[in-house]
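So you can see what is in the structure, the chains are spelled out below.
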Amino acid sequence: MAKGLTLDCAALWGFIRKDGGWWSVLRLTGHWSPTYSLAEVEEILVTLHKGGFLECQALHRAGTVYAVTSKCSVLPGITAAASAPSSTTGPVAASTRPQSMRGAFVPPPMPTARQGALDHTNCPSLMQGKRNAYRSTTA
């Protein structure tokens, strides 16, 4: 049974809000394994969802996942200023580990080729007796 809002609920809610994204019970248990068991994490998430502090959705592969969205309420005792990053804080150091699983891949720019190096792409070629614009032989 749900015990109501506790400090444990606040800790997990703050973690989900700070890290963002959708979290399953198993994924959260993996992050909090020495502190909370699977049953405790599930109980906390259900309590937060019933209180309107988390939004949930059912996915085919991951099961039920939870997230803090703009529709969710803020926990009591946490002001809106505390939930939004302050503009008066100093510079934040960059992460030492690259975030390779988030964002879109942007390939590095192609190095500058010498003058006239790609002129062959503008010339028609003969392929099996027919004139074709340049294209790969695999196409």
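Residues numbered from 1 in each chain as written. Predicted model: local features only at pLDDT ≥ 70, side-chain atom pairs only at ≥ 80, totals over all residues. Heavy atoms only, no water.

1. Let's talk about the packing of aromatic side chains
Across all of its chains, the model carries 3 aromatic pairs by this definition. For the pair W32 and Y36, a centre-to-centre distance of 5.5 Å together with 40° between the ring planes defines the contact as tilted. An aromatic cluster is present here, built from F15, W23, W32 and Y36 joined pairwise through their rings. The ring of W23 has R27 lying over it, and the distance from NZ or CZ to the ring centre is 3.8 Å. (Phe/Tyr/Trp six-rings, centres within 6.5 Å; stacked < 30°, edge-to-face > 60°. Lys NZ or Arg CZ within 6 Å of the ring centre and 35° of its normal.)

2. Quick look at the confidence of the model for the chain
Should pLDDT be low for a region, the predicted coordinates there are not to be read in detail. Looking at the chain as a whole, the pLDDT averages 76, with 69% of positions reaching at least 70. Taken element by element, the chain is modelled with least confidence in helix 4 (residues 80-83), mean pLDDT 50, and with most confidence in helix 3 (residues 38-50), mean pLDDT 88. (pLDDT = per-residue confidence, 0-100. Helix = DSSP H or I, 4+ residues; strand = E, 2+ residues; numbered from the N terminus.)

3. As for the side chain of T29
Along the polypeptide, T29 turns up in helix 2 (residues 25-31). Judged by its relative accessible area of 13%, T29 falls in the buried class. In contact with T29, not counting residues within four places along its chain, are Y36, S37, L38 and V41. (Buried < 20%, exposed > 50% of the residue type's maximum accessible area, 1.4 Å probe, protein only. Contact = heavy atoms within 4.5 Å.)

4. What about the environment of F53?
In this fold, F53 is placed in the loop between helix 3 and strand 2 (55-59). The class of F53 is buried, set by a relative accessible area of 9%. Setting aside its immediate chain neighbours within four residues, F53 contacts L5, W13, L48, V68, C72, S73, V74, L75 and P76.

5. Thoughts on the environment of T64
Mapped onto the fold, T64 is located in strand 3 (residues 63-67). Exposure remark for T64: the relative accessible area of 35% places this residue in the partly exposed category. Put simply, T64 and V25 are 39 residues apart on the chain and 7.8 Å apart in space, counted from C-alpha to C-alpha.

6. Description of helix 1 (residues 7-19)
Taking 1.5 Å as the rise per residue, helix 1 with 13 residues should run 18 Å; its terminal C-alpha atoms sit 18 Å apart, in good agreement. Those residues of helix 1 lying buried are C9, L12, W13, G14 and I16. Looking at the packing, one finds that the buried side of helix 1 touches strand 1 (23-24), helix 2, helix 3 and strand 3. Where helix 1 starts, the residue carrying a side-chain oxygen 3.3 Å from the main-chain nitrogen of D8 turns out to be T6. (Expected span 1.5 Å × (residues − 1). Polar contact = N/O pair within 3.5 Å; in protein donor to acceptor, adjacent residues only side chain to side chain.)

7. Considerations on the nonpolar core
Across soluble globular proteins, nonpolar side chains show a tendency to be buried alongside one another. Among the nonpolar cores identified, the biggest contains 17 residues, and L28, L45, L48 and L54 are the most heavily contacted of them. Going through the elements one at a time, helix 1, helix 2 and helix 3 are the ones with two or more residues in this core. (Core = buried A, V, L, I, M, F, W, Y, C linked by side-chain atoms within 4.5 Å.)

8. Digging into the sheet that holds strand 1
Pairing within the open sheet is antiparallel, and its 3 strands lie in the order 1-3-2. Looking at which strands have only one partner, the edges of the open sheet turn out to be strand 1 and strand 2. Summarising the sheet, strand 1 and strand 3 pair through 2 bridges and their orientation is antiparallel. The residue bridging W23 from the neighbouring strand is Y66, located in strand 3. (Pairing = 2+ DSSP bridges.)

9. Points about the packing of helix 1 against helix 3
Remark: helix 1 packs on helix 3, axes separated minimally by 10 Å, with the N-to-C direction vectors making an angle of 80°. As the angle between them shows, helix 1 and helix 3 are arranged roughly perpendicular. Across the interface between the two elements, D8, C9, L12, W13 and I16 of helix 1 pack against I44, L45, T47 and L48 of helix 3. Its residues placed into classes, the contact of helix 1 with helix 3 shows 7 nonpolar, 1 polar and 1 charged. (Axes fitted to C-alpha atoms, helices over the stretch in contact; angles between N-to-C directions. Parallel < 35°, antiparallel > 145°, perpendicular 65-115°, else oblique. Nonpolar A, V, L, I, M, F, W, Y, C, P; charged D, E, K, R; others polar.)

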